[in-house]
Amino acid sequence: MIAISLQSGSNGNCIYVEADGVRLLFDAGISGVQAEERLAAHGRDIRQVDGVIISHDHSDHIGHAGIYQRKYGLPLYVTPRTLAAATSRKPLGKLTDIRHFHSSGLIRLGGVTVQAISTPHDGEDGAVFIVSAGGKRLGIMTDLGHVFKDLLQLVASLDAVFLESNYDPDMLANGPYPPHLKSRIKGPRGHISNHEAAELLCRATTGGRLRWACLAHLSEQNNHPDVALKTHRGVLGRSLELAVADRYKVSGVFMV
Ligand SMILES: [Zn+2]
Ligand SMILES: [Zn+2]
């Protein structure tokens, strides 16, 4: 299995995963042209993607899904409530190939299984995902709300993970956001902090399976890649390979 982060953060999210001949995009938060170009930079054709799977209704995850389908013919995997919530705020345009899944259910495509896990994030019906193929397991886990029950056990069961590490608490406290937004972010339905993510990874690595983590969905105002990495290294030492998904650029190819 391989994975590529096309972009990660509140400006737009999209992660490509390829396994057993199946090609998937997780979330459609960047423009079709950006997704096409960033996949092409790694020799991939967006028209060959087998489906785009949406985590939740926030526009940084679903905003461009209509274009992915109309321009490139991609089936849209989405829960009914997520689709209804997103379209009630901003229409996605004409959709003709919608494949519903349940936010605690499974999607099977060829030899690939995608397990959806419902989250307490403040989307309407949000989920994170575990992609399994050929005995390997990759987590795509952002917009978590908080470190909910079962999350540790799930992360410990993975070979690799894209894990939300959204904010540094001091930067959030001293930053420019209004009080209600600060409360939302650090509240139980917002995002998880660098330290929470690091603690989670630290406990998960004791299982011995996890090989790497790519820190994802970093806040622009309330975090910085160096700050996030420093926090994680402080907790984890050298026990885990770490990377940071860029807020604007495509990553290299991650092997799972
Ligand atoms: Zn988000
Ligand atoms: Zn969200």
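One can find the structure itself at the top, above this paragraph.
Residues numbered from 1 in each chain as written. Chains lettered and ligands numbered in written order. Predicted model: local features only at pLDDT ≥ 70, side-chain atom pairs only at ≥ 80, totals over all residues. Heavy atoms only, no water.

When helices and strands are counted, the protein shows nine helices and 14 strands. Principal axes of the C-alpha set define a box for the protein whose edges measure 45 × 40 × 35 Å. Counting over 256 residues, the protein shows a buried share of 55%. Excluding contacts between residues fewer than 6 apart, the proportion of contacts in the protein whose partners are at least 24 apart in sequence is 65%. In the form shown here, the protein has an accessible surface area of approximately 10700 Å², with 51% of it arising from carbon and sulfur atoms. Of the side-chain charges in the protein, 27 are positive and 25 negative, and the distance between the mean point of each set is 1 Å. (Helix = DSSP H or I, 4+ residues; strand = E, 2+ residues; numbered from the N terminus. Buried < 20%, exposed > 50% of the residue type's maximum accessible area, 1.4 Å probe, protein only. Contact = heavy atoms within 4.5 Å. Areas by Shrake-Rupley, 256 points an atom, 1.4 Å probe, with all protein chains shown as cover. Lys, Arg positive; Asp, Glu negative; His and termini not counted. Charge placed at Lys NZ, Arg CZ, Asp CG, Glu CD.)

Turning to the coordination of the zinc ion (ligand 2), a few remarks are in order. Distances from the zinc ion (ligand 2) to its protein donors, His56 (NE2), His58 (ND1), His121 (NE2) and Asp143 (OD), fall within 2.2 to 2.5 Å. Classification of the site at the zinc ion (ligand 2) rests on its four donor atoms, whose angles at the metal span 91 to 171 degrees, yielding the label irregular. Look at where the donors of the zinc ion (ligand 2) fall in the sequence and you get H-x1-H-x62-H-x21-D. (Donors = N, O, S within 2.8 Å, 3.2 Å for Na, K, Ca; no water. Tetrahedral: all angles 85-135°; square planar, octahedral: opposite > 155°, others 65-115°.)

Attention now moves to unusual backbone geometry. The phi dihedral of Asp150 is positive, around 85 degrees, even though this residue is not glycine. Position of Asp150 among the secondary structure elements: in the loop between β10 (136-141) and α5 (151-156). At His217, a position not held by glycine, the phi torsion is positive, near 55 degrees.

The next subject is the packing of helix α1 (residues 32-40) against helix α3 (residues 65-72). Contact pair α1 / α3: the axes reach a minimum separation of 9 Å and the direction vectors enclose 65 degrees. Judged by the angle between their axes, α1 and α3 are roughly perpendicular. On the side of α1, the interface is formed by Gly32, Val33, Ala35 and Glu36, while α3 contributes Ile67, Tyr68, Lys71 and Tyr72. The class makeup of the residues in the contact of α1 with α3 is five nonpolar, one polar and two charged. (Axes fitted to C-alpha atoms, helices over the stretch in contact; angles between N-to-C directions. Parallel < 35°, antiparallel > 145°, perpendicular 65-115°, else oblique. Nonpolar A, V, L, I, M, F, W, Y, C, P; charged D, E, K, R; others polar.)

This part takes up the environment of Gly29. Note that Gly29 resides in the loop between β3 (22-26) and α1. Residue Gly29 is classed as buried on the basis of its relative accessible area, which comes to 4%. A sequence separation of 205 residues divides Gly29 from Gly234, and the C-alpha atoms of the two residues are 32 Å apart. For Gly29, the residues in contact, after removing those within four places along its chain, are Asn11, Gly12, Asn13, Ser59, Asp60, His61, His64 and Tyr68.

Another aspect to go through is the pattern of salt bridges. Counted by the stated rule, this structure contains eleven salt bridges. Taking the shortest distance from any N to any O, the salt bridge between Glu18 and Arg44 comes out at 2.8 Å. With Glu18 in strand β2 (residues 14-19) and Arg44 in the loop between α1 and β4 (51-53), this pair connects stretches of sequence that are 26 residues apart. Residue classification places Arg44 among the partly exposed positions, given a relative accessible area of 23%. (Salt bridge = Lys/Arg side-chain N within 4 Å of Asp/Glu carboxyl O.)

Another point: helix α8 (residues 194-205). In this model α8 runs 16 Å from its N-terminal to its C-terminal C-alpha over twelve residues, within 8% of the 16 Å that 1.5 Å per residue would give. Residues of α8 that are buried include every one of Asn194, Ala197, Ala198, Leu200, Leu201, Ala204 and Thr205, and no others. The arc that holds the buried residues of α8, viewed along the axis, is 160 degrees, so those residues lie on one side. Looking at the buried positions of α8, the neighbouring elements they touch are α5, β11 (160-164), β12 (212-216), α9 (225-236) and β13 (241-244). (Expected span 1.5 Å × (residues − 1). Arc of directions from axis to C-beta.)

Attention now moves to the coordination of the zinc ion (ligand 1). Protein coordination at the zinc ion (ligand 1): the donors are Asp60 (OD), His61 (NE2), Asp143 (OD) and His217 (NE2), at 2.1 to 2.3 Å from the metal. One way to put it: the four donor atoms around the zinc ion (ligand 1) meet at angles of 91 to 165 degrees, and that makes the site irregular. All donor residues of the zinc ion (ligand 1) come from one chain, and their arrangement in sequence is D-H-x81-D-x73-H. Distance-wise, the zinc ion (ligand 2) is placed 3.5 Å from the zinc ion (ligand 1), both being coordinated by Asp143. You can see Asp60 sitting in helix α2 (residues 59-62) and its partner His217 sitting in the loop between β12 and α9, a full 157 residues away along the chain.

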